[in-house]
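As a plain string of letters, each chain reads:
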Amino acid sequence: MKIWIDGKLVGEEEARVSVLSPSLNYGFGVFEGIRAYWNGENLYVFRLLDHMDRLLRSARIIGLEVPYTAEELAKATVEVIRANGYREDLYIRPVAYISKPQISLDVRGLQASVAIAALPFGKYLKVEGVRATVVSWRRVHTSMMPVMAKATGIYLNSIMAAVEARARGYDEAIMLNAEGKVVEGSGENIFVVRRGVLMTPPVEDGILEGITRDTVITLASELGISVLEKSITREELYTAEEAFFVGTAAEITPIIEIDGRVLPKGPITQRIAEAYRRVVTGKEEKYARWLTPVY
């Protein structure tokens, strides 16, 4: 597999970083997850520029200097996919990190390296739906960590949540914030349907501002489905008519059980999932702006 690192295509075995990198030791880095879809004729990267813009916003939030524009990183993504000759669904991982060794916590003035890898990737969660549980670990608070940044170090929080959920026999975690409001899964945003209204936690509750989340809000509006961004209580979660996770890896995944309470795979989830699939595979001309063709 070829990987793009700072303007060069290298073999996977050549993609190395110092064990004393502040990114490895202290979590000082940012990353993205991006999907590309093969529709039988071409490979389309979904919302590539939006993802690269968010990567740079994340870097700005934590004070990491990235010496590339979003357009340059998007071009590099297409380059590395072509170099590998892929003609199948992919997951793409850009990561900005400090490649040089440093023990000090003073990371001011250090310039980031950027690596972009792409690999074949299928479904992340069960297509038929997942069993979820509210875990004991709370989502890190914005007063403690910059939660709007997709920063590497913050994802220890997600790992702990996911490990707890699976240790308890569930497929995925649901996290609350410090105030006890529902925020997101271990690596996904969450939507619930109550009384026919589609609801999702607002950014100010401490969620990651998801690109798939934004896509779903846009598609729901086009489908005539009301969307309300509001704080969601645990009780509202338990009394939902439908619920689903969304994310680059998760796509649109139904939640069929929460802490022993069974939820149906309802019509709103299904309609949005079908619309999403059509958009990402290039079957909706009006959303062609979201797709970057590779070939």
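Structure: see above.
Quick notes on the rules
Numbering of residues starts from 1 in each chain and follows the order in which that chain's sequence is written. In keeping with the predicted nature of the model, local features appear solely for residues at pLDDT of at least 70, side-chain atom pairs appear and are counted solely at 80 or more, and the whole-chain, interface and lining totals rest on all residues. Hydrogens and waters are ignored; side-chain quantities use all the structure's heavy atoms. Under the pairing criterion, centres of Phe, Tyr and Trp rings, with the six-membered ring standing for Trp, must be within 6.5 Å; the plane angle then separates stacked pairs below 30 degrees from edge-to-face pairs above 60, leaving the rest tilted. Put simply, DSSP marks the helices as runs of H or I at least four residues long and the strands as runs of E at least two long, and each gets a number from the N terminus on. In this scheme, a residue with accessible area under 20% of its type's maximum is buried, one over 50% is exposed, and one in between is partly exposed, where area comes from a 1.4 Å probe on protein chains only. Two conditions define a charge located above a ring, namely a distance within 6 Å from the ring centre to NZ of Lys or CZ of Arg, and an angle within 35 degrees of the ring normal. A pair of strands is considered paired only if DSSP assigns at least 2 bridges between the two. Orient the strands so they point away from the viewer, and a crossover whose first-strand-to-second-strand path over the helix runs clockwise is right-handed. A cavity, in this analysis, means grid points on a 1 Å lattice covering only the protein atoms where a 1.4 Å probe fits yet has no way out; a pocket is instead an open set bounded by protein on both sides within 12 Å along at least five of seven lines, and a residue lines either one if it has an atom within 4 Å of a point. Grid points are joined across faces, edges and corners, and a volume is the space filled by probe spheres set on the points. Throughout, a contact is declared for two residues whenever any of their heavy atoms are within 4.5 Å.

Participant: Describe in detail the packing of aromatic side chains, supporting the description with residues and values.
Facilitator: On inspection of all chains with the given rule, the structure shows seven aromatic pairs. Aromatic pair F31 and Y155: ring centres 4.9 Å apart, planes at 70°, arrangement edge-to-face. In this pair, F31 sits in strand β3 (residues 30–31) while Y155 sits in helix α4 (residues 155–167), placing the two residues 124 residues apart along the sequence. Residue classification places F31 among the buried positions, given a relative accessible area of 10%. Taken together, a centroid distance of 5.0 Å and an interplanar angle of 45° make the contact between Y91 and F121 tilted. A residue pair is termed long-range when its members are at least 10 positions apart, and Y91 in strand β6 (residues 90–97) and F121 in the loop between β7 (113–120) and β8 (130–134) qualify at 30 residues. Of the aromatic side chains, those joined through ring pairs into one cluster are F46, Y276, Y287 and W290. When the ring centre of Y295 is taken as origin, the NZ or CZ atom of R87, which lies over that ring, is 4.1 Å away.

Participant: Account for the pairing of strand β9 (residues 172–176), naming residues and giving values.
Facilitator: Among the five residues that make up β9, five are buried, leaving the element largely enclosed by the rest of the structure. Side-chain alternation along β9 places E172, I174 and L176 on one buried face and A173 and M175 on a second face that is also buried. In the sheet, β8 pairs with β9 via three bridges, with the strands oriented parallel. In the sheet register, V134 faces β9, and the bridge partner there is I174. Taking the sense of rotation as the criterion, the β-α-β connection linking β8, α4 and β9 turns out right-handed. Two elements, β9 and strand β10 (residues 182–185), share three bridges in a ladder whose sense is antiparallel. Within the sheet, the bridge partner assigned to M175 lies in β10 and is E184. Between β9 and β10, which pair antiparallel and follow one another directly, the connecting turn spans five residues, one of which, G180, has a positive phi of 85°.

Participant: Tell me about empty space enclosed by the protein, and please be specific about residues and values.
Facilitator: Enumeration over the complete set of coordinates arrives at one cavity of 30 Å³ or more. Volume-wise, the largest cavity comes out at about 40 Å³. Lining the largest cavity are I34, R35, Y37, F46, H51, T212, T248 and Y276.

Participant: I'd like a description of the side chain of E236, backed by residues and values.
Facilitator: Structurally, the position occupied by E236 is in helix α6 (residues 234–238). Judged by relative accessible area, E236 falls into the buried class, the value being 15%. Residues within four places of E236 in sequence aside, it is in contact with R194, M199, K230 and S231.

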